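# Survey of secondary and tertiary structure
So the chains spell out like this:
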Amino acid sequence: MASPQSERPVLTESDISRLERSLRKPRTLLSIMLSAVATIMTFMALVPLFSVVIMLFVKGGSKLTLENFYTLPPTAFEDGGGFGNALLGTILMVGIAALISVPFGIMAAVFLSELGKNSRTSSVVRFCAKVLSGFPSILAGVFAYGAVVLLTGKFSAYAGGVALSILMLPVVMLTAEEAIRMVPSRMKEASIGMGATQTQTLWYVTLPTALPGILTGVMLAVARAAGETAPLLFTALFSNFWLISRWNDVEPGQLNQPTASMAVLIYNFSSSFVDNQREMAWSASLVLVLVVLVTNLVGKSLSSKNGPQR
Amino acid sequence: MDHQTKSPISRPPTKLEIGIDRLFRGLCFSFAWLTIAVMAYIVIEISWKAKPAVLEYGPGFLSGKTWDPNTGEYGILPEIWGTLYSSLLALLIGSVFGIAVAVFLSEGYLGNFVFRVLKLFGVQFHRFWGKMPSMAESALKNLVELLAAIPSVVYGLWGIFVVIPLMRDSCVWLHDNMGWFPLFGTRFQGPGMLPAAFVLAIMILPTISAISRDALVAVPPKLREASYGLGATRWETILSVILPTASGGIFGGIVLAFGRALGETMALAMLVGNMNTISVSLFSPANTLAALLANNFQEAGSDEMKVGVLMYAGMVLMAITLMVNIIGALILQRATAGLKGMR
């Protein structure tokens, strides 16, 4: 109930002036000042990003040549050289990791979002995935060392792939779950109403609709894995030679040996005392960062533009 | 027409289709369980391989100060100290900046600014220009997230060749003039705690700002409107209404970022100096658990005890990070559940 007319407090002249926004008041000034501080801090936080990118172009871009992409890393007293085998090794190991983690992650995501939506199992699995997503990358390497390297007795591309797949799995799984959840339920209900089994609904309706979101997760995971160094240091090690010496007799056994990767090459050459190798580290960083950032941005744009309509 | 009966839809599923359905569902179910199994396998594998070292060195491993493979004397107290110290320093810098960025993004400052600029030209509702404010907002958000996309080894390289030379002069001055202060107690030698913590802060900033932004955006608008209605200024509202309401989510983000900082390897291995010292000085070289693993695993070979002590160190790191991550995830779960009730 509104209060009676007589009890309403009468505003005096000074009360009304207190309601005005005036620049002379400390509280208004404080507000403006804090806004300025927040603005400045935000742009300061972006300085490292631009600094890294500019340094990469200045230091790495000037020395980058096409030859870098198909030659072997230089030894200490060699001129020139490149990172051809490292690029190939990174692509190969990320590929192995994707082969393991993408089907695994999507299937588990299907369970989380569709089959066992609100079951206790799904909440435990989701919790495990969340904890895994914060799992230190070096421990993935320690695990792969114990599980693959010690078992086979060799540093290999497989071990590197296994280590990377552990890091990719939670990213793929959690984004795929989110994407599948976004598919409108009326589409699934229509499919089931037509007599389709749950699997047919998934394959013909749900997964195709959720595909952009799932691909986003895969791209983000690939971008993350491509830049990881710590899990590869003592699983794939490094090698100064081509993984596959002759293209016409490729055997799977050839993956069973130390493999070079871009990230480890940067790490090894960053502490080098030879100028040529340090410059190589910058050029390799430029290529790696460009690949990672482009993959990242393409992945993000996939889901924001063509996301499923509700 | 024959067409309708042959059509693959609008008829009961055949036995084969039902079989495939069961198989696929079973497969999904088992993959979900496999996630739990993988998690358990990782924990068991590392603990199992650490077992010989745990039996040999026991809890004294945690308080020992030397790491010498030649005499077989192992201790990781300096590494534990270095890990916690560098992460806490990074957290201090990273969370101040991260929360500022989150507030900036959630208040829509940039969008408002672009809108006002457009208004000067009178095109704020134009078909193309009218989209600019929201585009600028999302571009800024993506830029902050890109900070997390740059590989850690590249940050390490940048730290060696850009951050350390930049810091050198001011740090030498600080030591010369304020050397009595424990934080500046040792000479700046290049790689050390300060550059490592600085780069680490940059790496965890996107985690803090992304999670904090989500928490701030999730604050029900009616709280903000009520505060404005009472006559509060923008920052009075932010400081006394919005930040306290979102504090659960922000705190969860900070804890998760702490977990990330503890396990970060490459940038630290390249910048921290890798010396087994315990010092509060910001300029002193130090070591972290992750850097110790990165530097020593290659040479461990198949010697069971050498692998064992490294696995033991890995197990300690795993225990710390898992604990921090689980606490962070639980806090976030609570915070989002709490906000749902307020709507």
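Residues numbered from 1 in each chain as written. Chains lettered and ligands numbered in written order. Predicted model: local features only at pLDDT ≥ 70, side-chain atom pairs only at ≥ 80, totals over all residues.

A tally of regular secondary structure across chain B gives 13 helices and 2 strands. For a compact globule of 343 residues, the expected C-alpha radius of gyration is about 20 Å, and chain B comes in at 27 Å, more than 25% above that figure. Over its C-alpha atoms, taken along the principal directions, chain B stretches across nearly 85 × 70 × 35 Å. When burial is assessed residue by residue, chain B has 43% of its 343 residues classed as buried. Taking as baseline every contact in chain B between residues at least 6 positions apart, the subset at least 24 positions apart corresponds to 77%. (Helix = DSSP H or I, 4+ residues; strand = E, 2+ residues; numbered from the N terminus. Rg over C-alpha atoms; globule rule 2.2 N^0.38 Å. Buried ≥ 20, exposed ≤ 12 C-beta atoms within 10 Å, placed from the backbone. Contact = placed C-beta atoms within 7 Å.)

Summing up its helical and strand segments, chain A has 11 helices and 0 strands in all. Secondary structure elements of chain A, listed N to C terminal, follow the sequence α-α-α-α-α-α-α-α-α-α-α. In chain A, buried positions account for 47% of the 310 residues. By sequence separation, contacts in chain A at least 24 residues apart represent 76% of the contacts at least 6 residues apart.

Further remarks concern the confidence of the model for chain A. Overall, the predicted model of chain A reaches an average pLDDT of 85, with 87% of residues at or above 70. Counted against residues more than four places away or in other chains, residues 306-310 of chain A, with its pLDDT under 50, gives 9 contacts. (pLDDT = per-residue confidence, 0-100.)

It is worth spelling out the interface of chain B and chain A at this point. In this complex, chain B contributes 73 residues to the contact, which on the side of chain A involves 72 residues. A total of 18 residues in the side of chain B that touches chain A trace back to one element, the largest contributor, which is helix α2 (residues 15-57) of chain B. Of the residues assigned to the side of chain B that touches chain A, the class counts are 50 nonpolar, 14 polar and 9 charged. (Nonpolar A, V, L, I, M, F, W, Y, C, P; charged D, E, K, R; others polar.)

Residue placement: Ser35(A) occurs in helix α2 (residues 26-60). Of the residues examined, Ser35(A) has 18 C-beta atoms within 10 Å and is grouped as partly exposed. Through-space distance from the C-alpha of Ser35(A) to that of Pro208(A) is 45 Å; in sequence the pair is 173 residues apart. Ser35(A) has contacts with Tyr109(B), Arg234(B) and Trp235(B), leaving out every residue within four places of it along the chain.

Take the nonpolar core next. If you look at the biggest cluster of nonpolar residues, it comprises 190 residues, and the most contacted ones within it are Ile266(A) and Leu200(B). Apart from the residues lying within four places of it in its own chain, the contact partners of Ile266(A) are Ala281(A), Ala284(A), Ser285(A), Leu288(A), Val153(B), Val154(B) and Leu157(B). (Core = buried A, V, L, I, M, F, W, Y, C linked by C-beta atoms within 7 Å.)

What follows covers unusual backbone geometry. Not every positive phi belongs to a glycine, and Leu237(A) is a case in point at roughly 60°. Relative to the assigned elements, Leu237(A) resides in the loop between α9 (230-233) and α10 (262-270). Its 20 C-beta neighbours within 10 Å are what place Leu237(A) among the buried residues. A positive phi angle, near 50°, is found at Asn274(B), a position not held by glycine. Residue Asn274(B) is classed as buried on the basis of its 20 C-beta neighbours within 10 Å.

The subject of this paragraph is the environment of Pro165(B). Of note, Pro165(B) is situated in helix α7 (residues 152-178). The spacing of Pro165(B) and Glu145(B) is 20 residues in sequence and 27 Å in space, taken between C-alpha atoms.

Residue and element names in this part refer to chain B. With respect to the secondary-structure elements, Ile-80 resides in helix α4 (residues 77-107). Sequence-wise, Ile-80 and Leu-62 are 18 residues apart; in three dimensions their C-alpha atoms are separated by 8.1 Å. Excluding residues that lie within four positions of it along the chain, Ile-80 makes contacts with Leu-62 and Leu-289.

Glancing now at the packing of helix α6 (residues 157-181) of chain A against helix α8 (residues 198-227) of chain A. All names here are of chain A. Where α6 meets α8, the closest approach of the two axes is 8 Å, and the angle between their N-to-C directions is 150°. The orientation of α6 with respect to α8, classified from their angle, is roughly antiparallel. Pair α6 / α8 crosses with right-handed handedness. Here Leu-164, Leu-167, Met-168, Val-171, Val-172, Thr-175, Ala-176, Glu-178, Ala-179 and Ile-180 of α6 lie close against α8, whose contacting residues are Thr-206, Ala-210, Gly-213, Ile-214, Thr-216, Gly-217, Val-218, Leu-220, Ala-221, Arg-224 and Ala-225. Residue classes in the contact of α6 with α8 are distributed as 14 nonpolar, 5 polar and 2 charged. (Axes fitted to C-alpha atoms, helices over the stretch in contact; angles between N-to-C directions. Parallel < 35°, antiparallel > 145°, perpendicular 65-115°, else oblique. Left-handed = near helix turned anticlockwise from the far one by under 90°.)

Buried residues dominate α10(A), accounting for 8 of its 9 residues. Taken together, the buried positions of α10(A) are occupied by Met262(A), Ala263(A), Val264(A), Leu265(A), Ile266(A), Tyr267(A), Phe269(A) and Ser270(A).

What follows concerns the confidence of the model for chain B. All names here are of chain B. Averaged over all residues, the pLDDT of chain B is 88; the fraction at 70 or higher stands at 95%. The least confident element of chain B is helix α1 (residues 3-6), whose mean pLDDT is 50; the most confident is α4, at 94. Across the whole predicted complex the pTM is 0.88, and at the interface the ipTM reaches 0.87.

Two numbers describe a pair of packed helices, the interaxial angle and the distance between the axes. Remark: helix α5 (residues 137-152) of chain A packs on helix α12 (residues 289-300) of chain B, axes separated minimally by 10 Å, with the N-to-C direction vectors making an angle of 40°. In terms of axis orientation, α5(A) runs oblique to α12(B). In the crossing of α5(A) with α12(B), the sense of the turn from one axis to the other is left-handed. Contacts between α5(A) and α12(B) pair Ile138(A), Val142(A) and Tyr145(A) from the former with Ala290(B), Leu293(B), Ala294(B) and Phe297(B) from the latter.

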